[in-house]
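Descriptive analysis of the structure
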Amino acid sequence: MIKDDCLFCKIASGSIPSATVYEDSNFRVFMDVNPASKGHCLIVPREHFDNVYDMDAETAGRLFSLATGIARAQRKALKCDGLNIVQNNGAVAGQTVNHFHLHLIPRYEGDGMNLLWNPHKAEPEELEEVRKMIRKSI
Ligand code: 5GP
Ligand code: ZN
């Protein structure tokens with residue numbers, strides 16, 4: 001399904017131009033217009049999914065398989081030292097475009113970028129309680 005008012009549906013279909021590095025019948029990979037680093041790419045499915053909660057397993061599998069290939073191409077082309085794969089779901093998590101997209105953000109020694117969260121020390125009981133809650137819901 002494609003959503004009429006969705007920016008990334010339009011980019012994925014090609015009706016809005018993008019700096020495309022790869023496309024096939026399921027996906028388009030293009031340069032992020034406001035890159036976090038040199039080579040920052042986005043992978044989008046042509047089909048509209050709001051976010052990870054909506055995506056079917058087959059598309060998700062194909063998408064991650066494609067991501068491994070794009071990651072290796074970025075490394076070969078850009079000689080980057082590492083890579084962050086980021087995928088935001090919901091406004092609270094930083095999602096600003098409501099069409100699933102995977103960020104591939106090359107990293108360079110000394111780039112000074114900070115994607116870190118603020119970890120806290122959890123008690124074993126807390127981990128155990130939450131572990132059970134998630135496990136029961138699978
Ligand atoms: P989010 O914050 O939703 O995870 O990421 C949205 C990303 O899409 C941002 O990194 C932003 O720079 C990128 N973006 C938003 N609009 C456009 C656009 O029109 N073209 C391209 N190439 N990237 C866009
Ligand atoms: Zn869309």
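Residues numbered from 1 in each chain as written. Chains lettered and ligands numbered in written order. Predicted model: local features only at pLDDT ≥ 70, side-chain atom pairs only at ≥ 80, totals over all residues. Heavy atoms only, no water.

**Regarding the environment of Val 97**
For Val 97, the position within the fold is in the loop between strand 4 (82-86) and strand 5 (102-107). Sequence separation between Val 97 and Phe 8 is 89 residues; the distance between their C-alpha atoms is 7.6 Å. (Helix = DSSP H or I, 4+ residues; strand = E, 2+ residues; numbered from the N terminus.)

**Let's talk about the site of ligand 1**
Around ligand 1, 16 residues are found, and the nearest of them are Asp 32, Gly 94, Thr 96, His 101 and His 103. A distance of 2.9 Å separates an oxygen atom of ligand 1 from a polar side-chain atom of Asn 88. About the coverage of ligand 1: the protein hides 79% of its 520 Å² of free accessible area. If you map ligand 1 onto the pockets, it falls in the largest pocket. At the level of secondary structure, the elements contributing two or more residues to the shell around ligand 1 comprise helix 1 (7-13) and strand 2 (27-31). In terms of residue count, the dominant contributor to the shell around ligand 1 is helix 1 (3 residues). Split into classes, the residues belonging to the shell around ligand 1 amount to 8 nonpolar, 7 polar and 1 charged. (Near = heavy atom within 4 Å. Polar contact = N/O pair within 3.5 Å; in protein donor to acceptor, adjacent residues only side chain to side chain. Areas by Shrake-Rupley, 256 points an atom, 1.4 Å probe, with all protein chains shown as cover. 1 Å grid on protein atoms, 1.4 Å probe; cavity = no way out; pocket = protein on both sides within 12 Å on 5 of 7 lines; lining within 4 Å. Sits in = over half its atoms within 2 Å of the grid points. Nonpolar A, V, L, I, M, F, W, Y, C, P; charged D, E, K, R; others polar.)

**Here's the deal with the coordination of the zinc ion (ligand 2)**
Distances from the zinc ion (ligand 2) to its protein donors, Cys 6 (SG), Cys 9 (SG), His 48 (ND1) and His 99 (ND1), fall within 2.0 to 2.3 Å. Coordination at the zinc ion (ligand 2) comes from 4 donor atoms whose angles at the metal span 106 to 115 degrees, giving a geometry best classed as tetrahedral. Read N to C, the donor residues that coordinate the zinc ion (ligand 2) are spaced as C-x2-C-x38-H-x50-H. Cys 9 shares its class with Cys 6; the two are buried. (Donors = N, O, S within 2.8 Å, 3.2 Å for Na, K, Ca; no water. Tetrahedral: all angles 85-135°; square planar, octahedral: opposite > 155°, others 65-115°. Buried < 20%, exposed > 50% of the residue type's maximum accessible area, 1.4 Å probe, protein only.)

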